[in-house]
Amino acid sequence: MAPDFTGATPDSAAARFWDEQYRVPRPALTGRANPVLAEIAAGLAPGTALDLGCGAGGDALWLAGRGWRVTAVDISASAVRRLAETARARGLEPSVAARCVDLAAGFPEGDFDLVSAQYLHTPFELPRARVLRTAAHALRPGGRLVVVDHGSAAPWSWNRDPGVHRPAPDEVAAELGLDPARWRVERADSPRRRATGPDGQSATVVDHVLVIRRSEA
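For clarity, every value in this text was computed on a predicted model and none was experimentally measured.

Basis of the calculations
Residues numbered from 1 in each chain as written. Predicted model: local features only at pLDDT ≥ 70, side-chain atom pairs only at ≥ 80, totals over all residues. Heavy atoms only, no water. Helix = DSSP H or I, 4+ residues; strand = E, 2+ residues; numbered from the N terminus. Buried < 20%, exposed > 50% of the residue type's maximum accessible area, 1.4 Å probe, protein only. Contact = heavy atoms within 4.5 Å. Areas by Shrake-Rupley, 256 points an atom, 1.4 Å probe, with all protein chains shown as cover. Arc of directions from axis to C-beta. Polar contact = N/O pair within 3.5 Å; in protein donor to acceptor, adjacent residues only side chain to side chain.

1. Structural notes on the overall build of the chain
Here is step 1 of the chain: Secondary structure assignment for the chain yields 7 helices and 9 strands.
Here is step 2 of the chain: Within the chain, the fraction of its 217 residues that count as buried is 46%.
Here is step 3 of the chain: Partitioning the contacts of the chain with sequence separation of at least 6, the portion at a separation of at least 24 is 71%.
Here is step 4 of the chain: Per element, the accessible surface of the chain, about 10,300 Å² overall, is 50% carbon and sulfur.

Next comes the structure, spelled out in structure tokens:
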């Protein structure tokens, strides 16, 4: 499946910034899924998934390799193009739809059993609460929204500003303002883990994990 650039904003500062982040291929990033997502999704029956801010595509490829049909979106055309090429090379092309989307301006159509927002942070304007609220509404009955945020900054992070507020999972959930009768917080915690950076560095980091499940009814 060819990458879709109809939602691209190639001339924006955000698109140029993230293109620069993904301009150089880093096999370490495309070769693995984010560990919290892998932990959660490993126990789920495969269905349809939406990967918000897919970046190098490790999550989308991991999910597709386990039977999921994945729509993977990112503002970086370079990231989207590389993900499509890697999916094709691995024989996963039928299961991965790579799309260039500026989430500040639009949201992918469809409904999903799993929506993943892994480290959806940016130095540019992004109505994140609105994006995540829209994601929750895009869930099928019984579907899950998995939000993993940085609770601390790794040494290789583009954002190591000590003054940045990193909202706890319950803060993120409150900001979404979802009806608790229709969306239930299934997990909200802040585990520590040993992380590996794009060039092989390692450090202990904190993740803020929020899992919201839509009711079956």
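2. Structural notes on helix α6 (residues 128-137)
Here is step 1 of the chain: Inspection of α6 places Arg128, Ala129, Val131, Leu132, Ala135 and Ala136 among the buried residues, and these make up the whole buried set. Taken end-on, α6 shows its buried residues confined to a sector of 160 degrees, consistent with a single buried face.
Here is step 2 of the chain: Against the buried residues of α6 lie β2 (48-52), β5 (112-118), β6 (139-150), α7 (169-176), β7 (183-189) and β9 (202-214).

3. Observations regarding the environment of Gly106
Here is step 1 of the chain: Within the element layout of this structure, Gly106 appears in the loop between β4 (96-101) and β5.
Here is step 2 of the chain: The class of Gly106 is partly exposed, set by a relative accessible area of 29%.
Here is step 3 of the chain: In this structure the C-alpha to C-alpha distance between Gly106 and Val131, which are 25 residues apart in sequence, comes to 8.7 Å.

4. Observations concerning the side chain of Thr48
Here is step 1 of the chain: Assignment of secondary structure puts Thr48 in strand β2.
Here is step 2 of the chain: A polar side-chain atom of Thr48 sits 3.4 Å from a polar atom in the side chain of Arg140.
Here is step 3 of the chain: Leaving out residues up to four positions away in the same chain, Thr48 has contacts with Trp68, Arg69, Asp111, Phe112, Asp113, Leu114 and Arg140.

5. Points about the environment of Ala129
Here is step 1 of the chain: Looking at the element boundaries, Ala129 is found in helix α6.
Here is step 2 of the chain: Residue classification places Ala129 among the buried residues on the basis of a relative accessible area of 15%.
Here is step 3 of the chain: Separated by 47 residues in the primary sequence, Ala129 and Leu176 place their C-alpha atoms 5.7 Å from one another.
Here is step 4 of the chain: When residues no more than four places from it in sequence are discounted, the contact partners of Ala129 are Glu175 and Leu176.

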